[in-house]
Amino acid sequence: MREVDVMGVRVEMPSNQPIVLLREVTGERYLPIWIGAVEATAIAFAQQGVVPPRPLTHDLFKDVLEATGNSLAEVRITDVKDGVFFATLVFGSGVEVSARPSDSIALALRTGTKIVCAEDVLDEAGLAVPAEQEDEVEKFREFLDHVTPEDFEADR
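None of these values were measured; they are calculated from a predicted model.

Engineer: Pulling in residues and values, what's your account of the nonpolar core?
Structural biologist: Membership of the largest hydrophobic core comes to 31 residues, with the highest contact counts inside it found for V20, L22, L31 and I77. Apart from residues no more than four positions distant in its own chain, L31 is found in contact with V20, L21, L22, I77, F85, C117, V121, L122, A125 and G126.

Printed below as a string of structure tokens:
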């Protein structure tokens, strides 16, 4: 398992599909994962420190964990099959629960939990970004600095 950081979310054009971009902490690979608009908003809210007036689902789950004295020890991105990613929530008690990576990431950001990714997932779906392409990554980071949760709302 390799630790990854959440670089942010963006909308991929022309498909208008949100993705979350993860990056190896001690490497040069990036892992883009297609996610839903609701999950993109949840991740963006967590990264931007937005506190909704009433708890959203991931906030509720965090509150339930705290109220029951449980902790989320680790989030694992464990597998990818036919372009579908799989994750596991690992609790302090050792209990493991299967979950979608998008929900797992949204919860990890709210709880400050480490996110790790299986080496074979990074080998299969990760993208190495050579140093000469880092300027493109910097442009993406600039985009992330200016994106808002409303950017992920469906057109009405």
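Engineer: Let's hear about the pattern of salt bridges: which residues, and what values?
Structural biologist: Charged atoms that come close allow side chains of opposite charge to pair. On inspection of all chains with the given rule, the structure shows 13 salt bridges. Between E24 and R29 there is a salt bridge whose closest N-O contact spans 2.9 Å. Here E24 matches R29 in class, with each residue buried. Across the salt bridge formed by R29 and E119, the nearest N and O atoms sit 2.7 Å from each other. One end of the pair, R29, is in strand 3 (residues 29–34); the other, E119, is in helix 4 (residues 119–125), and 90 residues separate them in sequence.

Engineer: Account for a nonpolar patch on the surface, with residues named and values stated.
Structural biologist: A cluster of nonpolar side chains, contributed by L60, F61 and V64, occupies part of the molecular surface with about 250 Å² of accessible area. Along the chain, L60 turns up in helix 2 (residues 57–67). Among the residues examined, L60 registers a relative accessible area of 48% and is labelled partly exposed.

Engineer: Run through the packing of aromatic side chains, naming residues and quoting values.
Structural biologist: One pass over the structure, following the stated rule, counts one aromatic pair. Positioned over the ring face of F86 is K81, at 5.8 Å from the centre of the ring.

Engineer: Hey, could you go over the layout of surface pockets for me, with residue numbers and the actual values?
Structural biologist: Its volume calculated, the second largest pocket comes out at about 190 Å³. Around the second largest pocket, the lining comprises 13 residues; the ones closest to its centre are V50, V51, D59, K62 and R110. Elements that contribute at least two residues to the lining of the second largest pocket include exactly helix 1 (37–48), helix 2 and helix 3 (101–111). The element contributing the most residues to the lining of the second largest pocket is helix 2, with three residues. Here the lining of the second largest pocket is composed, by residue class, of seven nonpolar, one polar and five charged.

Engineer: Outline the sheet that holds strand 8 (residues 127–128), listing residues and values.
Structural biologist: Taken together, the eight strands give an open sheet; going across it, the order is 6-5-4-7-1-2-3-8, and neighbouring strands pair in mixed fashion. Whereas interior strands pair on both sides, the edge strands pair on one side only; in this sheet they are strand 6 (96–99) and strand 8. Sheet analysis places strand 1 (residues 2–12) next to strand 2 (residues 17–24), joined by eight bridges and oriented antiparallel. Bridge pairing links V9 to V20 in strand 2.

Engineer: Could you give me a rundown of unusual backbone geometry, with the residues and numbers involved?
Structural biologist: Trans is the prevailing form of peptide bonds, just as negative phi is the prevailing case for residues other than glycine. A positive phi is found at D82, a non-glycine position, where the angle reads about 50°. By the secondary structure assignment, D82 is in the loop between strand 4 (72–81) and strand 5 (84–91).

Rules used in this analysis
- Residues numbered from 1 in each chain as written.
- Predicted model: local features only at pLDDT ≥ 70, side-chain atom pairs only at ≥ 80, totals over all residues.
- Heavy atoms only, no water.
- Core = buried A, V, L, I, M, F, W, Y, C linked by side-chain atoms within 4.5 Å.
- Buried < 20%, exposed > 50% of the residue type's maximum accessible area, 1.4 Å probe, protein only.
- Contact = heavy atoms within 4.5 Å.
- Salt bridge = Lys/Arg side-chain N within 4 Å of Asp/Glu carboxyl O.
- Helix = DSSP H or I, 4+ residues; strand = E, 2+ residues; numbered from the N terminus.
- Patch = residues over 30% accessible without salt bridge, like charges linked within 9 Å, V, L, I, M, F, W, Y side chains within 5 Å.
- Areas by Shrake-Rupley, 256 points an atom, 1.4 Å probe, with all protein chains shown as cover.
- Phe/Tyr/Trp six-rings, centres within 6.5 Å; stacked < 30°, edge-to-face > 60°.
- Lys NZ or Arg CZ within 6 Å of the ring centre and 35° of its normal.
- 1 Å grid on protein atoms, 1.4 Å probe; cavity = no way out; pocket = protein on both sides within 12 Å on 5 of 7 lines; lining within 4 Å.
- Points joined across faces, edges and corners; volume = space filled by probe spheres on them.
- Nonpolar A, V, L, I, M, F, W, Y, C, P; charged D, E, K, R; others polar.
- Pairing = 2+ DSSP bridges.

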